[in-house]
Amino acid sequence: MSDSKKNQLKKSLGLSFNIAVLIGGTIGVGILRTPGTIAGMLDNYWLIIASWLIGGIYVLIGANSYAELATMLPKAGGSYNYIKRAFGNYAGFLSGWFDYITNAIPPAFYCIVISEYLIILFPNLANFSTSIAISLLIAFVLLHLSGVKNGSVIQQITSLLKVICFVALVVACFMYSGVKLDPIPKNNTIFQIGLLFGFFKSLQLIIGTYNGWNSVCFFAEENENPGKNIPKSLYSGVLLVIAIYVLINIAFFYILPIETVAKSNLAAADVANIIFGKNGAIIVTVISIFSLISILNAFMMIPPRILYGLSRDGFFIEKGTTVNKGGTPIVALLVSSLFSLFLICIGSFEVLFSFAAFTSIIVWGLAYFSLIKLRKSEPDLPRPYRSFWHPWSTIIAIIASFALLIGFIFSDPKSFVIIVGITLISYPLFLVLNRKK
C-alpha cells in the first residue's frame, strides 16, 4: 500500500457525529458564566435577549457560507483550505496556523477547569489540580489514539448528556413557583452612549460563547456524505445552540432580577441554589463537568485535523500526515497534545484567549471573502450546496466580522500587536518552508 493511500483519513463519520461535535465544541461553561457580566453591562432585559439573538444570527449567516465552502472543498482542516484555494499559499499558511493556534489552546484550558470543578466536588484533591489536568489530557490522548470511532461515540454520548442537562435546568427554572421579582426593569432606555458601548462589548463575549460553531468543517474529509450531512448539521446544530442560549437567559431572568444576575460571577449557581436549595451548586458543577468533557473531546479532535491538512500541503513536517489503523492522524495528535501539556504547566490563559478571539474573527472573515472570490474565479467547482441569498448574505457576514474586528482592536490592542508581530515573522518562515518544498 502506498504512503498516500495509507495516510488518508477514513470516511467513518456521519450526521449524528457532526451535530454532536458542533454542540460539543460550542456549548461550554461560558453560557453559565457570561449572563452575569452581560447583565452588568446592559441592564436591560430585552437588549440582553436581543444581543444573544444577534450573536446567533451572525453565526447562522456564517454557517450558510461555511456550508457551501465545506461541501465544495471537503478537506481536513476546515477554513484554511478555502482561503488557500482563493488567495494562494501564503494566505493559506498564515490562516492555517492562526486557526491551529486558536483551536490548540482550549484543550489545556479545559483540562485545568475540569480539574478545578472536580476539586469543588472532592475538596481533598485540592493539592492535585495540575496532576488531574495532566491525567485527563493523557486519558483523552489514549482514547483518540485508539481510533476515530471511539472519539465519535464519546462525542455523541457527552453532547447528548450536555443537552439533557441544560434542558433540565431550563425546565426546572420555569417550573419553579417560589417568590420571584419582576425581571424587566421599567425605566431603561436603549439609546445611551454607555449602553451602546456595553452592547458591543457584550457581543464580543457572546461571539466567544458561540465559538466552535464551525467544528463540523474540520472533519469534512472523514464524512460519509459531506454534501448532505454538513449543511444539515450546521443549520440544525447552530439553531439548537441559539435556542439553548436564549432559553437559558430567559430562564435565569425568570428566577432572578437583572440587578442580582449582574452581581453574580456564576449566575447558573445562584439560580440553582434558589431552585434546588443547598444542592444547587453541586448540580451546576456536575452540568459544568459534562459540558467541559464534551467540549474537551471535540477540541482533542480538531487541532490534529488542521495540522494534518497543513502537513499535507507542506506547511508542517511530512510525518504530520501519518494516520494509524483507527483513522487518527497520530503524529498531529501527539504534537498538539505536547503543546497542551506545555500550556497546562505554564497555566496562563488570559492573553491566549483574547488572542484566540481575534484570530477566529480574522479567519472567518477571510473564509467569507474566499467564498465570493471562488464563485467568480472557479464557477465550475462542484457545489453540492449553494449558500442562499449570495452574495448579500456573505457580504453581511464580512461587514459584521470587520465591525467585530475593529471593536476587538479598540478593546484589546495588545492582542492586535501580537497578531501583527506574528504576521510579520510568518512571511520569512513561509519562504523557507516553500524553498524546502
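Rules used in this analysis
- Residues numbered from 1 in each chain as written.
- Predicted model: local features only at pLDDT ≥ 70, side-chain atom pairs only at ≥ 80, totals over all residues.
- Heavy atoms only, no water.
- Helix = DSSP H or I, 4+ residues; strand = E, 2+ residues; numbered from the N terminus.
- Rg over C-alpha atoms; globule rule 2.2 N^0.38 Å.
- Buried < 20%, exposed > 50% of the residue type's maximum accessible area, 1.4 Å probe, protein only.
- Contact = heavy atoms within 4.5 Å.
- Lys, Arg positive; Asp, Glu negative; His and termini not counted.
- Charge placed at Lys NZ, Arg CZ, Asp CG, Glu CD.
- Core = buried A, V, L, I, M, F, W, Y, C linked by side-chain atoms within 4.5 Å.
- Phe/Tyr/Trp six-rings, centres within 6.5 Å; stacked < 30°, edge-to-face > 60°.
- Salt bridge = Lys/Arg side-chain N within 4 Å of Asp/Glu carboxyl O.
- pLDDT = per-residue confidence, 0-100.

## Description of the overall build of the protein chain
Piece 1. From N to C terminus, the protein chain includes 18 helices and zero strands.
Piece 2. Here the protein chain has a C-alpha radius of gyration of 22 Å; the compact-globule value for 437 residues is 22 Å, and the two agree.
Piece 3. Principal-axis analysis of the C-alpha atoms gives the protein chain an extent of 70 × 50 × 40 Å.
Piece 4. Looking at the protein chain as a whole, 54% of its 437 residues are labelled buried.
Piece 5. Of all intrachain contacts in the protein chain linking residues separated by at least 6 positions in sequence, the fraction that spans at least 24 positions is 84%.
Piece 6. The protein chain carries 30 positive and 17 negative side-chain charges, and their two centres are separated by 6 Å.

## Section: the side chain of Ser51
Piece 1. Looking at the secondary structure, you find Ser51 in helix α4 (residues 45–72).
Piece 2. Excluding anything up to four places from it in sequence, Ser51 contacts Leu42, Phe199, Leu203 and Ile206.

## Section: unusual backbone geometry
Piece 1. Going from His390 to Pro391, the amide bond is cis rather than trans, its omega being 5 degrees.
Piece 2. By the secondary structure assignment, Pro391 is in the loop between α16 (350–377) and α17 (392–411).
Piece 3. In the Ramachandran plot, Trp389 falls in the positive-phi region, its phi being about 55 degrees despite a non-glycine side chain.
Piece 4. Along the chain, the position of Trp389 falls in the loop between α16 and α17.
Piece 5. Owing to a relative accessible area of 56%, Trp389 belongs among the exposed residues under this scheme.

## Remarks on the nonpolar core
Piece 1. Within the largest apolar cluster, 133 residues are counted, with the highest numbers of intra-cluster contacts made by Leu32, Trp52, Tyr66, Trp213 and Leu234.
Piece 2. Discounting residues that sit within four places of it in the chain, Leu32 has contacts with Phe166, Leu169, Leu266, Ala267, Ala268, Val284, Ile287 and Ser288.

## Thoughts on helix α13 (residues 267–276)
Piece 1. For α13, every residue scored as buried is listed here: Ala267, Ala268, Ala269, Val271, Ala272 and Ile275.
Piece 2. On its buried face, α13 is in contact with α3 (30–42), α9 (148–175), α11 (226–255), α12 (258–262) and α14 (280–312).
Piece 3. Looking one or two places after α13, you find Gly277, whose phi comes out positive at around 75 degrees.

## Topic: the packing of aromatic side chains
Piece 1. Across all of its chains, the model carries 25 aromatic pairs by this definition.
Piece 2. Judged by centre distance (6.3 Å) and plane angle (55 degrees), the ring pair of Trp52 and Tyr210 falls under tilted. One end of the pair, Trp52, is in helix α4; the other, Tyr210, is in helix α10 (residues 193–210), with 158 residues separating them in the sequence.
Piece 3. Measuring from centroid to centroid gives 5.8 Å for Phe358 and Phe408, while their planes differ by 85 degrees, and the two rings are edge-to-face. Linking Phe358 in helix α16 with Phe408 in helix α17, this pair joins segments that are 50 residues apart in sequence.

## Focus on the pattern of salt bridges
Piece 1. Per the stated rule, a full pass over the model turns up six salt bridges.
Piece 2. Its salt-bridge partner being Asp313, residue Lys84 comes within 3.9 Å of it at the nearest N-O pair. On the criterion of sequence distance, the pair formed by Lys84 in helix α5 (residues 79–87) and Asp313 in the loop between α14 and α15 (330–346) is long-range, its members being 229 residues apart.
Piece 3. For Asp313, a relative accessible area of 14% corresponds to the buried category.
Piece 4. Here Arg85 and Glu378 are joined by a salt bridge, their closest N and O atoms 2.9 Å apart. Here Arg85 is found in helix α5, whereas its partner Glu378 is found in the loop between α16 and α17, with 293 residues between them in sequence.
Piece 5. The class for Glu378 is partly exposed, based on a relative accessible area of 24%.

## Concerning the confidence of the model for the protein chain
Piece 1. In the predicted model, the protein chain carries a mean pLDDT of 89, and 92% of its residues have values of at least 70.
Piece 2. Taken as a whole, residues 183–188 scores under 50 in pLDDT and shows 13 contacts with residues more than four places along the chain or in a different chain.

## A look at the environment of Phe416
Piece 1. Mapped onto the elements, Phe416 comes out in helix α18 (residues 413–436).
Piece 2. Judged by relative accessible area, which is 32%, Phe416 ranks as partly exposed.
Piece 3. Sequence-wise, Phe416 and Phe355 are 61 residues apart; in three dimensions their C-alpha atoms are separated by 7.7 Å.

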